[in-house]
Protein chains: 2
Amino acid sequence: MAYRELITPLRTIMTPGPVEADPRVLRAMSTPILGQFDPAFTHIMNETMEMLRQVFQTKNHWSFPIDGTSRSGLEAVLTSVLAPGDRVLIPIFGRFGHLLAEIAERNGAEIHIIETEWGQVFDQDEIIQELKRVKPKVLAIVHGETSTGCMQPLNKVGKACHELGILSIVDAVATIAGTEVEVDEWQLDAVIGGTQKCFSVPSGMAPITYNERIEKILAARKKVERGVRTLEDNADVLQPIRSNYFDLSQLQDYWGPRRLNHHTEATSMLYALREGARVILEEGLEERFARHRLHEKAIMEGIKAMGLTLFNDVPWKRPMVTCVNIPEGIDGEAVRSMLLEQFGIEIASSFGPLHGKIWRIGAMGYSCRKENVFAVLAGLEASLIRNGAAVIRGEAIQAALDVYEAAGDEQLLS
Amino acid sequence: MAYRELITPLRTIMTPGPVEADPRVLRAMSTPILGQFDPAFTHIMNETMEMLRQVFQTKNHWSFPIDGTSRSGLEAVLTSVLAPGDRVLIPIFGRFGHLLAEIAERNGAEIHIIETEWGQVFDQDEIIQELKRVKPKVLAIVHGETSTGCMQPLNKVGKACHELGILSIVDAVATIAGTEVEVDEWQLDAVIGGTQKCFSVPSGMAPITYNERIEKILAARKKVERGVRTLEDNADVLQPIRSNYFDLSQLQDYWGPRRLNHHTEATSMLYALREGARVILEEGLEERFARHRLHEKAIMEGIKAMGLTLFNDVPWKRPMVTCVNIPEGIDGEAVRSMLLEQFGIEIASSFGPLHGKIWRIGAMGYSCRKENVFAVLAGLEASLIRNGAAVIRGEAIQAALDVYEAAGDEQLLS
């Protein structure tokens, strides 16, 4: 049986990820392969580390990607830091807090959880109180919850962890390169980003960064692979890291000057990550964050002008995801299918307690453009009317236009 | 600081990997992103599974990629199968046998090792004797050793494992799509392939396949993530899999009809893998294996005609890697550097006991072409002369031409 050429429909992707990749990133991936120890390639590795430092707003030496999807970055950091029996506090405000708990649990850590309702976040003082009570080795927390469109402030928590001698590990997969993630300013010890969201690079790499406090733990757990071990490498380690693939102490030797063979770096994905970071730095972090806020506002105003209500119209709203309450009596999946099939536009449903109750409309990275905002508002209004919903007609795009005009922004349609 | 556009030198990559990707594969990666649950994308996932089954020569239902480099596939299978205390036998004949031991050890397995000198492989009866003595749950073994250019016959071992109630897990990273890996015929239970070698797809995915015997173990260890768990999912599991990312029982639910959200599939890498598999199946497995053998012969004859000797001129030679003994008094790294810098050709050194003693010349996948064979022979001869080696001049390419003429093969220069 013969398989046809890869032909895909062109989509307008307005979900919380994966989103459209910048065309420059897609082109970069067509670059021919280089060997992993070719000086031309190790130069690209070093440049990518430099650029990632800037995206993470950090001076941390270690800033490099894990070769896997976003959760590979979470698992690499948690597995490398947490030994069995280590105590970890995980405040949960949505699905991805559960993922942190799941990964920590599988590493044999002693899990302490505080939970709040989906749609809420924590008062930082509440977290700090709990840190003082539980005295964990690690605080693991999500910055932006993809499931609820909410964002946890972290500027006080990071500092408190430093004062209390606790390590903070932060899942910034859904926020990096779309809104402020100030690793050094907030004193976060390890931060994991994602590529397939505001970074606008295809899924398949997880940029991470961490500081000397984390490095110290790695040094104590370091065990060099027998196949490449030399005499000065310690072979007897008390609590070796449970994974080889996610062993940050080994990955450091691969990304560092020793260039000790570990995996074969994912060549084309690294090309993509480098180009994605270059696009971000050329735009400028502040300008990029402002762009995400502007289009967010246009979407929010458009949705409200249609007569719909927002699930996350709160001060802790994640600026790149707008969650819309599905109107009473409307089948949310029927509307989503119509949007995809008739308009080629993808929006998302949600998980767990929010499944069937909200739609999530993302505007991230390259997908975060004026024409995409107009397209999703027009398509949603038409699909709702077609599904019998009593929406206010013709006002959504007018409201979005008002937002753009008020911002005086002419250059946005690229 | 501004970073320049991604510009890379064009290389002729004659290493054991990563090798040149087929230009069709590179182009496929430029295809725009699809959402992970877009029907157009899940169709691509299903097609890729179908094609992988054919490449693995198996009827196994489960044949899909792990999102990571080759060793992520090894770790996914070993971590999902081996619980702490499980006994595993690992015959080691090079560096990558040590990697299997390392991964198994980090999972708390009880490791039994038999070793042979680098450059040798095992008599299958010796392995079978050891299986009977040790009575392990699992035999983990490398098929083609990248470090030594040797290949372990497995046709009797797989059958013996079935008779003894032992599971066989085989690292075929370095052999898949370049020589016979007959998963069903040899009765192998789980096999891990690589993309960056004979598959000619960039590093970053690890295709795996496994049968019902493995599936049964996964079912007993299955634990659905709390964020997406429903009431019928078992939450109390005796020996849960230690990794979330590598949990094959969860990956099955993502690749199967339930489409339970796990990671976000690496979109562009999956496009690449699909196109790579399509290229392989269009060429035909038998034709592809024959092509690898032909160019191997041309390289071997060319090297010998130069007056050099081979490290792996043995019946158990891996047909896509030719290991050359570095002549006495010659600095192997100086020759390699000259090849790269003057000719843009990359060949490899080796690891451990073979470091500094051999060069490894690969001819794999898209790199396995007549013009590449001529280039590497010409470049190596010239670089050796320039480094003062007493080689026989002008005979290497003549010997390779003889091989091609004897094969009567005219259509090879594509």
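Conventions we followed
Residues numbered from 1 in each chain as written. Chains lettered and ligands numbered in written order. Predicted model: local features only at pLDDT ≥ 70, side-chain atom pairs only at ≥ 80, totals over all residues. Heavy atoms only, no water. Helix = DSSP H or I, 4+ residues; strand = E, 2+ residues; numbered from the N terminus. Expected span 1.5 Å × (residues − 1). Buried < 20%, exposed > 50% of the residue type's maximum accessible area, 1.4 Å probe, protein only. Core = buried A, V, L, I, M, F, W, Y, C linked by side-chain atoms within 4.5 Å. Contact = heavy atoms within 4.5 Å. Least-squares fit on C-alpha atoms with pLDDT ≥ 70 in both. UniProt positions renumbered as here; feature names shortened; annotations may be inferred. Polar contact = N/O pair within 3.5 Å; in protein donor to acceptor, adjacent residues only side chain to side chain. Phe/Tyr/Trp six-rings, centres within 6.5 Å; stacked < 30°, edge-to-face > 60°. Lys NZ or Arg CZ within 6 Å of the ring centre and 35° of its normal. Buried area = accessible area lost by both parts, 1.4 Å probe. Salt bridge = Lys/Arg side-chain N within 4 Å of Asp/Glu carboxyl O. Pairing = 2+ DSSP bridges. Axes fitted to C-alpha atoms, helices over the stretch in contact; angles between N-to-C directions. Disulfide = S-S within 2.5 Å. Left-handed = near helix turned anticlockwise from the far one by under 90°. Nonpolar A, V, L, I, M, F, W, Y, C, P; charged D, E, K, R; others polar.

Undergrad: So what about helix 4 (residues 95–106) of chain A? Which residues, and what values?
TA: Residues and elements named next belong to chain A. Between the first and last C-alpha of helix 4 there are 17 Å, a value that for 12 residues agrees with the 16 Å anticipated at 1.5 Å per step. By the criterion of burial, helix 4 is predominantly enclosed, with 11 of the 12 residues buried. Directly after helix 4, the chain includes Gly 108, whose backbone phi takes a positive value near 80 degrees.

Undergrad: Can you lay out the nonpolar core for me, pointing to particular residues and giving the numbers?
TA: Counting residues in hydrophobic clusters, the biggest one holds 217 residues, and the most contacted among them are Phe 64, Phe 199 and Leu 248 of chain A together with Phe 64, Phe 199 and Leu 248 of chain B. No other element matches helix 2 (residues 39–55) of chain B, which puts 8 residues into this core. Setting aside residues no more than four positions away along its own chain, Phe 199 of chain B makes contact with Leu 52, Val 55, Ile 176, Ala 177, Gly 194, Pro 207, Leu 273, Gly 276, Ala 277, Ile 280 and Arg 288 of chain B.

Undergrad: How would you explain the relation of the copies chain B and chain A if you had to name every residue and give the values?
TA: Taken together, a rotation about one axis and a shift along it account for how the two chain copies relate. Overlay of chain B on chain A (RMSD 0.0 Å): rotation 180 degrees, translation along the axis 0.0 Å. Classification of the inter-copy transformation places it as that of a two-fold axis. Considering only C-alpha atoms, the residue of chain B closest to the rotation axis is Gly 68 of chain B, which sits at 2.3 Å. By residue overlap, the copies meet face to face through one surface: 99% of the interface positions of chain B are interface positions in chain A.

Undergrad: Just give me the short version of the UniProt feature "modified residue: N6-(pyridoxal phosphate)lysine" (unreviewed entry) in chain A, but keep the residues and values in it.
TA: Residue and element names in this part refer to chain A. As annotated in UniProt, the feature "modified residue: N6-(pyridoxal phosphate)lysine" (unreviewed entry) corresponds to Lys 197 in the numbering used here. Lys 197 has contacts with Pro 16, Gly 17, Val 19, Thr 146, Val 173, Ala 174 and Met 364, leaving out every residue within four places of it along the chain. A distance of 2.7 Å separates the side chain of Lys 197 from the backbone oxygen of Pro 16, its partner in a polar contact.

Undergrad: Provide a residue-level description of the packing of aromatic side chains, including the pertinent values.
TA: Counted under the stated rule, the structure contains 22 aromatic pairs over all chains. On the basis of an interplanar angle of 65 degrees and a centroid distance of 6.4 Å, the ring pair of Phe 41 of chain A and Tyr 271 of chain A is categorised as edge-to-face. Separated by 230 residues along the polypeptide, Phe 41 of chain A in helix 2 (residues 39–55) and Tyr 271 of chain A in helix 9 (residues 267–283) bring together distant segments of the chain. The same class applies to Phe 41 of chain A as to Tyr 271 of chain A, namely buried. An angle of 85 degrees between the planes, with centres 5.7 Å apart, marks the rings of Phe 374 of chain A and Tyr 404 of chain A as edge-to-face. Here Phe 374 of chain A, found in helix 12 (residues 370–386), pairs with Tyr 404 of chain A, found in helix 13 (residues 396–407); they are 30 residues apart in sequence, far enough to count as distant. Given a relative accessible area of 3%, Tyr 404 of chain A falls into the buried group. Sitting over the face of the ring of Phe 351 of chain A, Arg 95 of chain A holds its NZ or CZ atom 4.5 Å from the ring centroid. In this arrangement the basic side chain of Lys 370 of chain B is found over the ring face of Tyr 404 of chain B, its NZ or CZ atom lying 5.2 Å from the centre.

Undergrad: How would you sum up the interface of chain B and chain A? Please name residues and give values.
TA: Of the residues lining the interface, 84 residues belong to chain B; the matching set on chain A comes to 83 residues. Ranking the residues of chain B by area buried against chain A places Tyr 3, Leu 6 and Arg 106 of chain B at the top, with a combined share of 13%. Remark: the boundary between chain B and chain A carries 6 salt bridges. A salt bridge links Arg 106 of chain B to Asp 247 of chain A; its shortest N-O distance comes to 2.6 Å. In this assembly, chain B and chain A are joined by 43 residue pairs in polar contact (both at pLDDT 80 or more). Of all the elements in the fold, those that place two or more residues in the side of chain B that touches chain A are helix 1 (23–28), helix 2, helix 3 (70–81), helix 4 (95–106), strand 4 (110–115) and helix 9 (267–283) of chain B. Take the side of chain B that touches chain A: its biggest share by element is 9 residues, from helix 9 of chain B.

Undergrad: So what about the pattern of salt bridges? Which residues, and what values?
TA: Residues and elements named next belong to chain A. Taken as a whole and judged by the stated rule, the model has 48 salt bridges over all chains. Arg 106 serves as the salt-bridge partner of Glu 102, at 2.8 Å between the closest nitrogen and oxygen. With Glu 102 and Arg 106 both in helix 4, this residue pair falls 4 residues apart, about one helical turn. The same class applies to Glu 102 as to Arg 106, namely buried. The partner of Glu 283 in a salt bridge is Arg 291, with the nearest N and O atoms 2.6 Å apart. By relative accessible area, Arg 291 is classed as buried at 14%.

Undergrad: So, the environment of Cys 198 of chain B: which residues are in play, and what are the values?
TA: Residues and elements named next belong to chain B. You can see Cys 198 is positioned in the loop between strand 9 (190–193) and strand 10 (206–210). Overall, the relative accessible area of 0% leaves Cys 198 in the buried class. Each C-alpha atom of the pair Cys 198 and Gly 178 lies 5.1 Å from the other, and the pair is 20 residues apart in sequence. Once residues within four sequence positions are removed from consideration, Cys 198 is found in contact with Ala 174, Ile 176, Ala 177, Gly 178, Arg 288, His 292, Met 320, Met 364 and Gly 365.

Undergrad: Account for the sheet that holds strand 4 of chain B, with residues named and values stated.
TA: All names here are of chain B. With mixed pairing, 7 strands are arranged side by side in an open sheet as 2-10-9-8-5-3-4. Of all the strands in the sheet, the pair left with one neighbour each is strand 2 (62–66) and strand 4. Strand after strand, the sheet turns through a mean of 20 degrees between neighbouring axes, direction not considered. Pairing between strand 5 (residues 138–142) and strand 8 (residues 167–172): 5 bridges, direction parallel. Residue Val 138 lies in a different strand from strand 8, and its bridge partner there is Leu 167. Taken strand by strand, helix 4 contacts strand 3 (87–92), strand 4, strand 5 and strand 8, and its axis lies near 165 degrees from that of strand 3.

Undergrad: So what about the state of the cysteines? Which residues, and what values?
TA: Residues and elements named next belong to chain B. Counted by the stated rule, this structure contains 0 disulfides over all chains. The thiol of Cys 150 is not disulfide-bonded; the next cysteine sulfur, from Cys 323, is found 7.0 Å away. Taking relative accessible area as the criterion, Cys 150 reaches 0% and is therefore assigned buried.

Undergrad: Help me get a handle on the packing of helix 10 (residues 285–305) of chain B against helix 13 (residues 396–407) of chain B, residues and values and all.
TA: All names here are of chain B. Taken N-terminus to C-terminus, the directions of helix 10 and helix 13 make an angle of 150 degrees; their axes are 7 Å apart at the nearest point. Every pair of crossing elements has a handedness; the one defined by helix 10 and helix 13 is right-handed. On helix 13, the residues that touch Leu 294, His 295, Lys 297, Ala 298, Glu 301, Gly 302 and Ala 305 of helix 10 are Ala 396, Ala 399, Ala 400, Val 403, Tyr 404 and Ala 407. Tallied by class, the residues present in the contact of helix 10 with helix 13 amount to 9 nonpolar, 2 polar and 2 charged.

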